[in-house]
Structures are given as structure tokens and as C-alpha cells.
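# Topology and contacts: notes
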Amino acid sequence: MSSSNTYDIIIIGLGANGAAALYHLAKTNKKILGLDRFHPPHQKGSSHGESRIIRQAYHESPLYVPLVKAAYPLWTELEQASGNTLFQKTGGLLLGAPDTTVVQGARLSAITHDIPFEWLEATAIRNRFPAFKPTPGTVGVLEKEAGILFPEECIRAFLHQAAIQGATIHTGEPVTSITPQNDMITVTTPTTTYHTEKCIVSVGAWLNTLLPELQLPLAIHRQPLFWFRNTNDQFGPGKMPIFIWEYEKEKMFYGFPDLGNGAKLAPHHGGRPIDPDDLKNDSTEKEIGAIAILAKEYLDFDPVFDHATVCMYTNTPDEHFIIDHHPLHPNIIVASPCSGHGFKFSSLTGQILANLALEKKNDFDLSPFAIRRAALSLH
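Scope of this entry: the structure provided in the associated data block. Note that this is a predicted model, so its numbers are computed, not measured.

## Quick notes on the state of the cysteines
A covalent bond between the sulfur atoms of two cysteines is referred to as a disulfide. As enumerated under the stated definition, the model contains zero disulfides in all. Cys-338 takes part in no disulfide bond, and the closest cysteine sulfur, belonging to Cys-311, lies 13 Å away. When its relative accessible area of 8% is taken as the criterion, Cys-338 is described as buried.

## Re the packing of aromatic side chains
Where two aromatic rings form a pair, the distance of their centres and the angle of their planes describe that pair. By the definition in use, this model includes 26 aromatic pairs. Summarising the aromatic geometry, the rings of Tyr-64 and Phe-369 are spaced 5.8 Å apart at their centres and angled 35 degrees between planes, so their arrangement reads as tilted. Of this pair, Tyr-64 sits in the loop between β3 (52–54) and α2 (65–82) while Phe-369 sits in the loop between α8 (346–358) and α9 (374–377), placing them 305 residues apart in sequence. The buried category is assigned to Tyr-64, whose relative accessible area is 0%. Given the relative accessible area of 2%, Phe-369 is considered buried. Each ring, one from Phe-243 and one from Trp-245, has its centre 6.4 Å from the other, and the planes form 90 degrees; the classification is edge-to-face. The residues Phe-243 and Trp-245 share a single accessibility class, namely buried. Grouping aromatic residues by their ring pairs yields a cluster made of Phe-129, Phe-132, Phe-243, Trp-245, Tyr-247, Phe-253 and Tyr-298. Above the face of the Tyr-7 ring, Lys-31 is positioned so that its terminal group lies 4.7 Å from the ring centre. Sitting over the face of the ring of Trp-119, Arg-107 holds its NZ or CZ atom 5.6 Å from the ring centroid.

## Some words on the pattern of salt bridges
Tallying each qualifying case throughout the model produces 14 salt bridges. Asp-277 is the partner of Arg-37 in a salt bridge, and the nearest nitrogen-oxygen pair spans 3.4 Å. Taken together, the residues Arg-37 in the loop between β2 (32–36) and β3 and Asp-277 in the loop between β16 (263–268) and α7 (285–298) connect sequence positions 240 residues apart. On the basis of relative accessible area, Arg-37 is assigned to the partly exposed category, the value being 36%. Between Arg-128 and Glu-118 there is a salt bridge; the shortest N-O distance is 3.0 Å. Of this pair, Arg-128 sits in helix α4 (residues 122–128) while Glu-118 sits in strand β6 (residues 118–121), and the two are 10 residues apart along the sequence. Connected through salt bridges with shared partners, the residues Arg-222, Asp-282 and Glu-287 form a single ionic network.

## A short note on the packing of α2 against α8
Axis separation between α2 and α8 bottoms out at 7 Å; the angle between their running directions is 95 degrees. On the basis of the axis angle, α2 is roughly perpendicular to α8. Here α2 contributes Leu-67, Ala-70, Ala-71, Leu-74 and Trp-75 to the contact with α8, which in turn contributes Ser-346, Ser-347, Leu-348, Gln-351 and Ile-352. For the contact of α2 with α8, the residue count by class is seven nonpolar, three polar and no charged.

## What about the sheet that holds β6?
One open sheet holds the eight strands; their spatial order is β6-β7-β5-β14-β15-β16-β13-β17, and the pairing between them is mixed. Both outer strands of the open sheet, β6 and β17 (304–315), are each paired with one neighbouring strand and no more. In this sheet, neighbouring strand axes are inclined to one another by 20 degrees on average, regardless of whether the strands run parallel or antiparallel. Sheet strands touched by helix α3 (residues 101–112): β5 (92–96), β6, β7 (139–143), β14 (242–248) and β15 (251–255). Its angle to β5, the strand with the most contacts, is close to 135 degrees. Lying on the sheet, α7 is in contact with β13 (219–229), β14, β15, β16 and β17; it crosses β13 at an angle near 55 degrees.

## Focus: the packing of α2 against helix α5 (residues 151–164)
To describe two helices that pack against each other, one gives the angle between their axes and the distance between the axes. The geometry of α2 relative to α5 is characterised by a closest axis approach of 10 Å and an angle of 70 degrees between their N-to-C directions. With respect to each other, α2 and α5 are oriented roughly perpendicular. Where α2 crosses over α5, the two elements pack in a sense that is left-handed. Together, Trp-75, Leu-78, Ala-81 and Ser-82 of α2 and Cys-154, Ala-157, Phe-158 and Gln-161 of α5 make up the contact between the two elements. A breakdown of the residues in the contact of α2 with α5 according to their chemical character gives six nonpolar, two polar and no charged.

Rules behind the numbers
Here the residue index of a chain counts from 1 through its sequence in written order. Side-chain atom pairs in this predicted model are given and counted only at pLDDT of 80 or more, local residue features only at pLDDT of at least 70, and totals for whole chains, interfaces and linings cover all residues. The basis for every side-chain value is the complete set of heavy atoms in the structure, and neither hydrogens nor water enter the calculation. Count a disulfide wherever a pair of cysteine sulfur atoms falls within 2.5 Å. The classification of residues rests on relative accessible area computed with a 1.4 Å probe and restricted to protein chains. Under 20% of the type maximum is buried, over 50% is exposed, and intermediate values are partly exposed. Each Phe, Tyr or Trp ring (for Trp, its six-membered ring) is paired with any other whose centre lies within 6.5 Å, and the angle between the two planes then decides the class: stacked below 30 degrees, edge-to-face above 60, tilted in between. Elements are defined by DSSP. Helices are runs of H or I of four residues or more, strands are runs of E of two residues or more, and each kind is numbered from the N terminus. For a lysine, the NZ atom is tested; for an arginine, the CZ atom; a charge sits over a ring if that atom is within 6 Å of the ring centre and within 35 degrees of the ring normal. When a carboxyl oxygen of Asp or Glu is within 4 Å of a side-chain nitrogen of Lys or Arg, the pair counts as a salt bridge. Think of each axis as a best-fit line through the C-alpha atoms, taken over the contacting stretch in the case of a helix, with angles from 0 to 180 degrees between the N-to-C directions. Under this scheme an angle from 65 to 115 degrees is roughly perpendicular, one under 35 degrees roughly parallel, and one over 145 degrees roughly antiparallel; angles in between are oblique. Contacts: residue pairs with any heavy atoms within 4.5 Å of one another. Charged means Asp, Glu, Lys or Arg here, nonpolar means Ala, Val, Leu, Ile, Met, Phe, Trp, Tyr, Cys or Pro, and polar covers whatever is left, Gly included. Think of it this way: DSSP has to see at least two bridges between two strands before they count as a pair. Throughout, a crossing is termed right-handed when the near helix is turned clockwise from the far one, and left-handed when it is turned anticlockwise from it by less than a right angle.

Shown next as C-alpha cells:
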């Protein structure tokens, strides 16, 4: 066994969570390797698109609020280390009818965890934020600490800081197999065989390809993102918050202020199933037209399409994350902080994954993210 190809910990997949884990582990005295089949940051997974929302009044579930609160200072730490802007605070507005999941869930999380918020009726929304055109029955939950993360810059910063701290990074090197052998794990690529005591697998949509024995009920969906040219100065970051709008029951779209490249809008969920190897940047006229109709109805501008990109959601049945030890091989750590809402947590989930690999205590209850939880086991 060659010592040059033997590592204490190997991270497979250097998207948001894998890159963050590499960053945190590189601060130790361990010998660390990060592997990725592509050259991150890239446009072939789930961690791109120029901007990602970060928010605390979390409509999905109050259980995420302590996690996202803990992620904020870690983003600040990374931003200071990199010297680059990774976060821009804009405030966040969660809109819909009073009984919608987005509104009720955001309000519940805010009340449960003492997050300051404002409850806005339709008239107040129009007066405060002229970019929006709410119907008379629309209400909004406004939180001030929400804003925008710049995903490509975040991943670039994680990887650069990890390299400075001594981590080895091999990109353009796909892993073909992971083979546990007693207390060691063999990781095979087309060019090299590596050996490690611990392995973190954070490969997004390719998780079942590398760990087929788990038979995880993951649904891979293609999700297009759109930018529209804008001449309305009410769409600037000082005048318009990020938003998520549940315009019909369980149907949502979200958007960002115009940061100079146009107003970015996208549907949340609803994409078609896809093989991750078949992902193409191929938005259709029908998809562009559908989001343009929503823009005309709910936003105060004439949406002229500029450009688009396509990413993937790796969805669990309950839309909660997977962060756990492999049930048969506890020295393999499985990470899928996913379902279209994971990027904002990655500064923290990277730390959590590092602690699992180092056998250190985490300050959070990870049982909702267990591989063998009921929502996964029943499928």
C-alpha cells in the first residue's frame, strides 16, 4: 500500500458541502484528499447559478433555524479569510395567501426561534416594495437578515483556503468505486487507487451510483433558472428583497434583485426527472414562457428573456437532508444536504461532516437526517 496514495480522510465530491468539509478538515493536521469528477465550481450539478438565497424564517421546518443561524458566522469567517464578497444582505420576503405553506411555515419558524419579522398586508407590500404586484389577499413575512450567497465564489473560497492549509485536491478525476476493507477504504479512479481510514461521500445526484447498496429513494430533477433584462430601478438590491412566492397551493417561484445581470427568477421544484449524466443547459421556449407569465402577473416589469442555466435538485421523499454514517460501514459518511434548499447551510454542514469524520461531537440533533429514518425506509 503506497503511503503517497494513503490519506486519513478522502472527500468525494467538491460541490458546496464537500468543498466545505475539505475546508474544515484542512485546518487539522490530518492528511486530506478531495476528489471531483469535474472542475469545481462548475455547472454540472447543484451548486451554481450566480446566487443562492440564505434566510432564517425557514418555511420548510423550524428544525433548520438553529442550523442556518450557525451557518451565518461561518460564512463570515470564510468571507474574511478569502477577502472576497460571498454574501449580500437584502432582506427576504415570503409571500402568499395567509394559509400557504410558505407564509405559515416562515411565521412559525420566526415565532419559534425569536427571529424578528414583519407581517405585511398587500397594501404595505406594494408601498414598501413597488417591484411586487400582490393581489388583495396576499400577505408577506419580511425578515431582515436574509440575503444572497454567491455560490461559485463560495466554492472557490472553500477550495482555495483548503489548499492553503495543505489539503490535496484532484479535479477531473471521477471515482469509479468505493470498497470498504476491514478498517480501510479503497477509493478507485481511472488513474489511481487510494486508501483511507475515513471517507465522506458528497456527490449529489450521483450518490446512488457510488453507493448502490443503500438504495436511497432519491429523485433527480432538472431545475431551470432564468434571467430577464430589467429597466425598473425598483429591482435593485437596495429596494427589492429576495423572495419566495407561493402563488398557488404548493406552487412556488423565487427571485433575486437585479445585481447587474438582470432579474433572476426560477420555479421551486416541479422540474422533470433526469439522469444526472444527461444534464444539459437547454431551457425551452415553454419553460421561458411559463416563468415570464408569472413575472408579468406578480412583478412590475416587462420580462425580456436574457439567458438561462439548468441545475439539479436531488430530492428525498420528505425533502429533508441525509447526513449520516453508512449503516454497514460507519467509516463512510454519507452527505446529501439536498432537495433544493441545502446550499445556505453548507458552511455548517461541512463542519458537521468534518466532525463526524474526526469522531467529534456535533452540537445539533442529526436524527432527522438519518439514512434509516421512516421517510426513506418506507420507499
